[in-house]
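Residues per chain are reported as follows:
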Amino acid sequence: MLNENHIKGLHSCVRLSDGTIASENEVVVEKSWDGNLLKTRVVNNSNKALKIKEVVLFSGNMPLRPDTKFYGEGYQMLCQYSGTLSSPQVIGAYGTDWDFFRIPKNAFNENLWTVYNLLLLSPEDQAHTLLAFTSCNRFSGEFRFKDNYMEAVMDTEDLLLESGQSWELEEFTVLCGMDRNRLFSALAEGINRNHPPRVYPEIPSGWCSYYCMRRMTAEALIENAYAMAQRIPELKRIQIDGGYEAYNGDWLTARPSLGADMNTICNGIRKMGVEPAGYISPFIVETESTVFKEHPDWLVKDEQGNPYNEIGHNRKWYMMDGSHPEVQNYFRHIAKVMHDQWGIRYFKLDFLAYGALPGGCRYDKNVTRIEAFRMGIKAIVDEVGHDSFILGCNAPFWPILGLIHGNRVTNDILRDWKHVSGNARELFWRNWQNSTLWVNDPDCIVLEKLDLFGIRNGEVIERKSSLTDDEFEFHKAFIAASGGMILSGDRLPHISEKNIGVLKKLLLATGVAAAFDDTSFTVGRIHKEDCMMLCVFNWEESLRDIEISLNGCYQVFDFWTDEEMGTFTDKLDVRKMGPHSGRVLVCKPVQ
């Protein structure tokens with residue numbers, strides 16, 4: 001079994017930017033263990049400055065079979081990993097972090113699989129081992145492996161460590177036990193000790209324009225605000241999503257075809273008795289934007305001093321440099337105008353990974369990309385976070401710890417089984433983060449069949465709604481299992497009264513995420529003061545009977561209809577669940 005005692009005996013080293021390994025006479029890796037917590041310091045004992053690429057905390061062959069199952073976090077929202085050590089797989093639709101963002105491999109990692117900041121190892125019939133970094137103030141952590149070889153690495157980004165100087169690295173922990181959910185709870189406690197979570201008085205709810213409005217117009221926003229006020233005021237907010245802006249980077253300028261300026265639109269929404277919610281992607285800039293044309297010095301540069309975009313998914317986007325004082329001032333200015341003039345008290349910050357991608361040259365040569373990213377986010381949070389909800393999206397997960405109230409944890413939802421099932425799997429691996437690190441945003445719930453049309457590269461793109469009734473039930477159940485934010489993605493003037501009722505039910509279920517019996521994610525349990533909720537999922541293509549263990553005697557009701565199913569002792573059999581279906585059941589203990 002792999003535990004901290006085995007890891008304590010493994011080798012450490014420092015890899016230099018020239019591809020060599022520093023001698024132990026040049027650089028010392030000082031490791032201090034306190035139980036299962038490791039603190040590490042790197043000291044340059046040589047008589048010259050050294051450019052350090054990365055620090056290996058430990059490496060070697062582990063007492064693990066190559067077919068050991070694992071789960072690993074991605075660097076950012078869109079990537080997660082599972083499978084076995086010899087056959088890793090991607091969870092999600094976008095591939096690996098390095099493929100999606102075009103991050104080049106190097107001689108140290110080109111033949112190894114990489115996951116970021118968290119690695120859960122689950123040998124068959126043995127205890128789980130959870131390896132994780134519990135802080136992320138300056139450096140990003142990686143776990144690399146192939147079969148039973150493994151190494152834990154701190155990316156020190158080719159920074160210069162002067163002679164006689166030292167760096168404190170991020171805190172690391174090893175947790176072992178049979179209960180996977182308890183291990184994640186213990187990890188959350190360790191992370192929160194270093195990055196206390198930001199707390200907001202409520203779990204915000206709302207409606208989002210993105211999944212039912214292409215293209216966005218001022219008239220349609222006001223129409224949905226009116227419908228919200230009349231039909232479901234409990235949602236409270238109209239999330240004006242990306243697409244209102246003239247260009248990425250010019251967040252205070254509305255595109256002309258929107259039909260009104262943002263101040264007018266926000267005032268119109270408020271007149272309906274509904275709150276407007278704001279959107280910016282602070283770190284991305286398009287070449288057509290005023291910011292790009294007038295302030296190229298605000299961008300991450302290449303070595304020749306030109307705007308840099310060799311890394312990133314979209315070649316049309318460039319990256320704002322969070323280490324630049326004028327960029328921080330610009331972020332503060334955007335947030336202040338939205339807050340003071342538009343009346344925004346909810347800020348969705350999107351495509352945040354672009355603030356913390358590797359590569360390029362930053363204004364402050366002494367800070368890492370993690371520090372530059374946190375500087376940029378902190379500028380916004382310091383300006384408006386005292387009374388506003390801050391939601392991260394497409395964020396680098398560990399670098400954003402302690403800076404936001406809520407965080408998107410899944411891909412975008414679409415009205416098809418691939419996205420509904422895929423988002424559920426992404427979410428359930430991250431359920432432990434809800435109400436511990438932040439409030440999870442599982443993305444919008446879509447309850448109505450709706451075909452969407454858009455324009456891409458001059459061509460009309462049609463996204464057909466293909467969900468069956470059972471698959472809609474699955475979607476409803478996984479949103480309930482999230483315990484997180486509830487955001488409607490349907491047209492509020494046209495949504496059925498039945499689905500208005502679904503939204504009202506979901507609003508009562510927020511706060512606690514389901515803990516699953518195992519990683520088949522078939523049965524999740526939400527424990528409340530007076531009852532237990534069961535979230536039950538059939539992922540298969542055929543009818544299925546599912547047996548659920550109960551600890552005692554319960555009176556069981558359907559969550560959506562309140563229909564009583566009967567009284568059950570020690571076990572509950574859910575019969576003939578339809579393919580791709582979900583159920584939510586309320587179990588009340590019988591005294």
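The structure under discussion appears in the preceding block.
Since the structure is predicted, the reported quantities are computational estimates derived from the model, not experimental observations. Within any chain, residue numbers begin from 1 and follow the written order of that chain's sequence. In keeping with the predicted nature of the model, local features appear solely for residues at pLDDT of at least 70, side-chain atom pairs appear and are counted solely at 80 or more, and the whole-chain, interface and lining totals rest on all residues. In computing side-chain values, all of the structure's heavy atoms are included and hydrogens and water are not.

## Description of the overall build of the protein chain
Phase 1: For the protein chain, the helix and strand inventory stands at 11 helices and 32 strands.
Phase 2: Taking 25 Å as the expected radius of gyration for a compact globule of 591 residues, we find that the protein chain reaches 25 Å, a close match to that expectation.
Phase 3: Once the C-alpha set of the protein chain is aligned to its principal axes, its extents read approximately 75 × 60 × 45 Å.
Phase 4: Put simply, the protein chain has 591 residues, and 58% of those count as buried. Note on conventions: DSSP H or I runs of at least 4 residues are helices, E runs of at least 2 residues are strands, and numbering of each starts at the N terminus. C-alpha atoms define the radius of gyration in this analysis, and the globule rule sets the expected value at 2.2 Å times the number of residues to the power 0.38. Working definition: with a 1.4 Å probe on protein chains only, accessible area under 20% of the residue-type maximum means buried, over 50% means exposed, and in between means partly exposed.

## Remarks on empty space enclosed by the protein
Over the atoms a probe the size of a water molecule is rolled, and this reveals where empty space is left.
Phase 1: Lining residues are defined by having an atom within 4 Å of a point belonging to a cavity or pocket. Those points lie on a 1 Å grid over the protein atoms alone, cavities being sets where a 1.4 Å probe fits but cannot get out and pockets being open sets with protein on both sides within 12 Å along at least five of seven lines. Grid points are joined across faces, edges and corners, and a volume is the space filled by probe spheres set on the points. Applying the stated criterion across every chain, the model contains 1 cavity of 30 Å³ or more.
Phase 2: Roughly 50 Å³ of volume is contained in the largest cavity.
Phase 3: Just so you know the grouping, Ala, Val, Leu, Ile, Met, Phe, Trp, Tyr, Cys and Pro go in nonpolar, Asp, Glu, Lys and Arg go in charged, and all remaining residues, Gly too, go in polar. Of the residues that constitute the lining of the largest cavity, the class distribution is 5 nonpolar, 1 polar and 5 charged.

## Structural notes on the pairing of strand β2 (residues 27–34)
Phase 1: Relative to strand β3 (residues 37–44), β2 is paired through 8 bridges, and the arrangement is antiparallel. For V28, the partnering residue across the bridge sits in β3 and is V43.
Phase 2: Only when DSSP finds a minimum of two bridges between them are two strands counted as paired. Between β2 and the antiparallel strand that follows it, β3, lie 2 residues; G35 among them carries a positive phi value of about 65°.

## Here's the deal with the packing of helix α9 (residues 417–429) against helix α10 (residues 469–482)
Phase 1: Packing of α9 against α10 brings their axes to within 10 Å, and their N-to-C directions diverge by 20°. As summarised for this structure, α9 and α10 are arranged roughly parallel, according to the angle between their axes. The handedness of the crossing between α9 and α10 is left-handed. Facing α9, whose interface residues are W417, V420, S421, N423, A424, L427 and F428, α10 presents E471, F474, H475, F478, A481 and S482.
Phase 2: Looking at the contact of α9 with α10 residue by residue, the class counts come to 8 nonpolar, 4 polar and 1 charged. Only C-alpha atoms enter the line fits that serve as axes; for helices the fit covers just the stretch in contact. Angles between N-to-C directions range over 0 to 180 degrees. What sets the label is the angle itself: under 35 degrees gives roughly parallel, over 145 gives roughly antiparallel, 65 to 115 gives roughly perpendicular, and the rest give oblique. By convention the crossing between two helices is left-handed if the near helix lies anticlockwise of the far one by an angle smaller than a right angle, and right-handed if it lies clockwise. Contacts were defined at the residue level, with two residues in contact if any of their heavy atoms lie within 4.5 Å.

## Describing the packing of helix α4 (residues 218–231) against helix α5 (residues 262–271)
Phase 1: Two elements in contact, α4 and α5, have axes whose closest approach is 9 Å; the angle formed by their N-to-C orientations is 20°. In this view, α4 runs roughly parallel relative to α5, as classed from their interaxial angle. Crossing hand, α4 versus α5: right-handed. Contacts between α4 and α5 involve A218, L221, I222 and A225 on the former and, on the latter, I265, G268 and I269.
Phase 2: Looking at the contact of α4 with α5 residue by residue, the class counts come to 6 nonpolar, 1 polar and no charged.

## What about the pattern of salt bridges?
Phase 1: Within this document, salt bridges are pairs made up of a side-chain nitrogen of Lys or Arg and a carboxyl oxygen of Asp or Glu, the two lying within 4 Å of each other. Overall, the coordinates contain 34 salt bridges when judged by the stated rule.
Phase 2: Where R138 meets E371, a salt bridge forms, and the shortest distance between an N and an O atom there is 3.2 Å. Note that R138 is positioned in the loop between β10 (128–133) and β11 (140–146) and E371 in helix α8 (residues 369–384), a separation of 233 residues in sequence.
Phase 3: Residue D562 pairs with K505 through a salt bridge whose shortest N-O separation is 2.8 Å. One end of the pair, D562, is in the loop between β30 (544–558) and β31 (564–577); the other, K505, is in helix α11 (residues 497–507), with 57 residues separating them in the sequence.
Phase 4: Because the salt bridges share partners, they merge into one network encompassing R15, E54, E142, R144 and E151.

## Considerations on the packing of aromatic side chains
Phase 1: Two aromatic rings from Phe, Tyr or Trp, using only the six-membered ring of Trp, form a pair when their centres are within 6.5 Å; if the ring planes differ by under 30 degrees the pair is stacked, by over 60 it is edge-to-face, and anything between is tilted. All told, the structure shown has 40 aromatic pairs when counted by the stated rule.
Phase 2: Between F292 and Y318, the ring centres sit 5.1 Å apart and the planes meet at 50°, which makes this aromatic pair tilted. In this pair, F292 is assigned in helix α6 (residues 290–294) and Y318 in strand β19 (residues 317–319), connecting sequence segments 26 residues apart.
Phase 3: Through successive ring pairs, a cluster of aromatic residues spans Y71, W417, F428, W429, F474, F478, F516, F521, F537 and W539.
Phase 4: A cation sits over an aromatic face here: K105 above W98, 4.1 Å from the ring centre.
Phase 5: Two thresholds decide whether a charge sits over a ring: the Lys NZ or Arg CZ must be within 6 Å of the ring centre and within 35 degrees of the ring normal. The side chain of R425 reaches across the aromatic face of W539, ending 4.1 Å from its centre.

## Focus on the sheet that holds strand β27 (residues 515–516)
Phase 1: Ordered by their spatial adjacency, 6 strands build an open sheet running β27-β28-β29-β32-β30-β31, and the pairing between neighbours is antiparallel. Across the chains shown, the open sheet's two edge strands, defined by having one partner strand only, are β27 and β31.
Phase 2: For strand β28 (residues 523–527) and strand β29 (residues 532–538), the ladder comprises 5 bridges, and the chain directions are antiparallel. Paired with R525 across the strands is L534, a residue of β29.

## Quick word on the sheet that holds β11
Phase 1: One open sheet holds the 5 strands; their spatial order is β1-β4-β12-β11-β8, and the pairing between them is antiparallel. Of all the strands in the sheet, the pair left with one neighbour each is β1 (11–16) and β8 (113–116). Each strand axis lies, on average, 25° off the axis of its neighbour in the sheet, ignoring direction.
Phase 2: Bridge analysis of β8 against β11 gives 4 bridges, and the strand direction is antiparallel. Each residue of the ladder has a partner; that of Y116, found in β11, is E142.

## Quick look at the nonpolar core
One recurring pattern in soluble globular proteins: nonpolar side chains tend to sit buried together.
Phase 1: Among buried residues, the Ala, Val, Leu, Ile, Met, Phe, Trp, Tyr and Cys ones that are joined through side-chain atoms within 4.5 Å form a nonpolar core. L57, L131, I240, Y244, M320, F428 and F537 are the most contacted members of the largest nonpolar core, which has 186 residues in total.
Phase 2: I240 has contacts with S209, M216, L221, M262, I265, C266, I269, A277, G278 and Y279, leaving out every residue within four places of it along the chain.
Phase 3: Among the nonpolar cores identified, the runner-up in size contains 14 residues, and L534, L550, M577 and C587 belong to it.

## Topic: α9
Phase 1: Multiplying 1.5 Å by the residue count of a helix minus one yields the expected span of that helix. The end-to-end C-alpha distance of α9 is 19 Å, a good match for the 18 Å that 13 residues give at a rise of 1.5 Å each.
Phase 2: Counted residue by residue, α9 has 10 buried out of 13 residues, so it is predominantly covered.
Phase 3: Taken together, the buried positions of α9 are W417, H419, V420, S421, N423, A424, E426, L427, F428 and W429.

## As for α11
Phase 1: Every buried residue of α11 is listed here: N499, I500, V502, L503, K505, L506 and L507.
Phase 2: Packed against the buried residues of α11 are β15 (205–208), α4, α10 and β26 (486–488).

## A few points about unusual backbone geometry
Phase 1: A positive phi is found at D125, a non-glycine position, where the angle reads about 60°.
Phase 2: Summarising the element assignment, D125 is placed in the loop between β9 (118–122) and β10.
Phase 3: The exposure class of D125 is exposed, given its relative accessible area of 73%.
Phase 4: In the Ramachandran plot, D443 falls in the positive-phi region, its phi being about 75° despite a non-glycine side chain.

Honestly, it's all geometry; don't read function into it.
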